[in-house]
Amino acid sequence: MTTPMFTFTFLPLFLLFSSTFTPITANNLISETCKKCARNDPNLSYKFCLTSLQAAPESHGANLRQLGLISMKLVQHNVTNTRHFIKHLLKNKKLNKFVRARLDDCLELYTDAIPTIKQAIKDYKKKHNKDANIEVSSIVDASTTCEDGFEERPGLVSPLTKRNKETFQLCIIALSIINMVSSSLY
């Protein structure tokens, strides 16, 4: 007999509370995560974060820890493509010596970034978040070092500005998520 009374008393309360809380869906998680990422770093565009994470099919239905891995895979894809792009630019025989030297520097930086991001992914999977953080941070440094090299000569426009900025922002997303995961109970 206590079962019907329990049902009539607690069922309305359950329905009331369950209807007032919005469930966290994948898109809500991505949106909320990007809001936090952009709030923590003024150099990160919320829209860039949102479109980057939503573009990854595996992000739909992912939890925060999985979004961290997805963000690092986006970094890996980006640095690999940027390295190929630099190699393509270096095939141009008409490049002046200064631009060629900067592109060579950038090629080395992006070449080194590939095994670094692979190691960061391995460390993150093992929940060695501090190590992953350090490794991803070094890729941030690589993208800014590459861009800064072109600024040494006034008036010179870097052919890698857009790619360096994307690398930088993708790394900031990954770092922010690593920090969120590290401070939560994952």
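For the structure itself, consult the block above.
Now for a description of the structure that goes with this document. It should be emphasised that the depicted structure is a prediction, and the values quoted were computed from it without experimental measurement.

1. Points about the packing of aromatic side chains
Stage number 1. Under the counting rule described, the total for this entry stands at zero aromatic pairs.
Stage number 2. Arg 65 extends its terminal NZ or CZ atom over the ring of Tyr 124, reaching a point 4.1 Å from the ring centre.
Stage number 3. Cation over ring: Arg 153 sits above Phe 98, and NZ or CZ is 4.2 Å from the ring centre.

2. Focus: the pattern of salt bridges
Stage number 1. This model, assessed by the stated rule, comprises three salt bridges.
Stage number 2. Across the pair Lys 35 and Glu 32 runs a salt bridge, and its minimum N-O distance is 3.4 Å. Taken together, the residues Lys 35 and Glu 32, both in helix α2 (residues 26-40) and three residues apart, mark about one turn of the helix.
Stage number 3. Across the pair Asp 105 and Arg 102 runs a salt bridge, and its minimum N-O distance is 3.5 Å. Remark: Arg 102 and Asp 105 occur in helix α5 (residues 97-125); sequence separation between them is three residues, near one turn of the helix.
Stage number 4. Relative accessible area serves as the criterion here: at 15%, Arg 102 is assigned to the buried category.

3. Topic: the nonpolar core
Stage number 1. Counting 50 residues, the largest nonpolar core has Met 72, Ile 117, Val 136 and Ile 177 as its most contacted members.
Stage number 2. Mapped by element, the contributors of at least two residues to this core are α2, α3 (46-55), α4 (64-90), α5, α6 (129-150) and α7 (161-183).
Stage number 3. If we ignore the near neighbours within four places in the chain, the residues touching Ile 117 are Met 72, Val 75, Gln 76, Val 79, Val 136 and Ile 139.

4. Some words on the packing of α4 against α5
Stage number 1. One way to put it is that α4 packs onto α5 with a least axis distance of 9 Å and a crossing angle of 155°. Compared by their axis directions, α4 and α5 come out roughly antiparallel. In this structure, α4 meets α5 at a crossing whose hand is left-handed.
Stage number 2. The class makeup of the residues in the contact of α4 with α5 is 18 nonpolar, five polar and eight charged.

Definitions and cut-offs
Residues numbered from 1 in each chain as written. Predicted model: local features only at pLDDT ≥ 70, side-chain atom pairs only at ≥ 80, totals over all residues. Heavy atoms only, no water. Phe/Tyr/Trp six-rings, centres within 6.5 Å; stacked < 30°, edge-to-face > 60°. Lys NZ or Arg CZ within 6 Å of the ring centre and 35° of its normal. Salt bridge = Lys/Arg side-chain N within 4 Å of Asp/Glu carboxyl O. Helix = DSSP H or I, 4+ residues; strand = E, 2+ residues; numbered from the N terminus. Buried < 20%, exposed > 50% of the residue type's maximum accessible area, 1.4 Å probe, protein only. Core = buried A, V, L, I, M, F, W, Y, C linked by side-chain atoms within 4.5 Å. Contact = heavy atoms within 4.5 Å. Axes fitted to C-alpha atoms, helices over the stretch in contact; angles between N-to-C directions. Parallel < 35°, antiparallel > 145°, perpendicular 65-115°, else oblique. Left-handed = near helix turned anticlockwise from the far one by under 90°. Nonpolar A, V, L, I, M, F, W, Y, C, P; charged D, E, K, R; others polar.

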